[in-house]
Amino acid sequence: MNPRILVVFYSATGNTAAPASSAAEGARESGAEVRLRTVAETAPPQAIASNPRWQAHVDGGPHAELATLEDLEWADGLAVGSPTRFGGPAAQLKSFLDTTGGLWAQGKLADKVATSFTTASTAHGGLESTVLAINNVFYHWGAVVVPLGYAHPHLMDSGNPYGGSFVSRKSAAPDKEALDALRLRGNRLATLTGYVANGLRGRVSPPE
Ligand SMILES: Cc1cc2nc3c(=O)[nH]c(=O)nc-3n(C[C@H](O)[C@H](O)[C@H](O)COP(=O)(O)O)c2cc1C
């Protein structure tokens, strides 16, 4: 059975939306069934209006359907992305993740295969702390965290071993190198998810 992959992201000005689409594309290329979802914008209108790029992105939306808890339950594996905000994930994404307590309590998030990605405007401004913070949520779920390491030579050129990343210096949109790295990441996520999900489906009796 083909693995089911959820790519869920928040993006205020579009930089993190592009890698999300690439991760979804990479997962599809490996044969996965994929849902690409975003999360609700919760910032007040004045904050959005203070940044013309943010306002334009909001006005140009919706860019994807909103993620639901059913999407999470459906998925065998997921890629979760956020822009870096003061060295961590955006509150909009965190708000969605913070609605998962009910699923967590029922053990429904355990054994999901999960990976994370971010964009940030500076190379030392918190790319790694953001993906590691998202990964912390995965540990609490009991998910299987997929680091990328340097599993493909291309990954020496873009990203980091902890999660997908792109430096959007001076509002630069993600380049081909970064998008290719995210495509590889989505592909690897789907492949590994397939191994885990099919192994779990074939399990005769779950351990006590
Ligand atoms: C409130 C705020 C906080 C930010 N904090 C950081 C930061 O800590 N480090 C950094 O390098 N960039 C930071 N940035 C820049 C964004 O992470 C960067 O522009 C990102 O690519 C935006 O992605 P998006 O277009 O998907 O929203 C911040 C931007 C905003 C608006």
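Residues numbered from 1 in each chain as written. Predicted model: local features only at pLDDT ≥ 70, side-chain atom pairs only at ≥ 80, totals over all residues. Heavy atoms only, no water.

## Brief notes about the site of the ligand
Move 1: Taken together, 17 residues surround the ligand, and among them Ser 11, Thr 13, Thr 16, Thr 84 and Thr 119 come closest.
Move 2: The side chain of Ser 121 places a nitrogen or oxygen atom 3.1 Å from a nitrogen atom of the ligand.
Move 3: A distance of 2.7 Å is found between an oxygen atom of the ligand and a side-chain nitrogen or oxygen belonging to Ser 168.
Move 4: Across the complex, the protein chains shield 78% of the 650 Å² of accessible surface that the ligand would expose by itself.
Move 5: The site holding the ligand turns out to be the largest pocket.
Move 6: If you list the elements that add at least two residues to the shell around the ligand, you get strand 4 (77–85) and strand 6 (113–120). (Near = heavy atom within 4 Å. Polar contact = N/O pair within 3.5 Å; in protein donor to acceptor, adjacent residues only side chain to side chain. Areas by Shrake-Rupley, 256 points an atom, 1.4 Å probe, with all protein chains shown as cover. 1 Å grid on protein atoms, 1.4 Å probe; cavity = no way out; pocket = protein on both sides within 12 Å on 5 of 7 lines; lining within 4 Å. Sits in = over half its atoms within 2 Å of the grid points. Helix = DSSP H or I, 4+ residues; strand = E, 2+ residues; numbered from the N terminus.)

## Let's talk about empty space enclosed by the protein
Over the atoms, a rolling probe the size of a water molecule traces out where space has been left empty.
Move 1: Going through the model one piece at a time under the given rule, you end up with one cavity of 30 Å³ or more.
Move 2: If you go around the largest cavity, the residues you meet are Leu 148, Gly 149, Leu 155, Ser 158, Gly 159, Asn 160, Gly 163, Gly 164, Ala 181, Leu 182 and Arg 185.
Move 3: Looking at the lining of the largest cavity element by element, the count peaks at three residues for helix 8 (residues 176–201).
Move 4: Class assignment for the residues of the lining of the largest cavity results in four nonpolar, six polar and one charged. (Points joined across faces, edges and corners; volume = space filled by probe spheres on them. Nonpolar A, V, L, I, M, F, W, Y, C, P; charged D, E, K, R; others polar.)

## Details of the layout of surface pockets
Move 1: Each pocket or cavity is described by its volume, and for the largest pocket that value is around 390 Å³.
Move 2: Along the walls of the largest pocket sit 21 residues, with Thr 13, Thr 84, Arg 85, Ser 121 and Ser 168 positioned nearest its centre.
Move 3: Top element by residues in the lining of the largest pocket is strand 4. It accounts for three residues.
Move 4: The residue makeup of the lining of the largest pocket, split by class, is five nonpolar, 14 polar and two charged.
Move 5: In this structure, the second largest pocket encloses a volume near 230 Å³.
Move 6: Along the wall of the second largest pocket there are 14 residues; nearest its centre are Thr 38, Val 39, Glu 41, Pro 62 and His 63.

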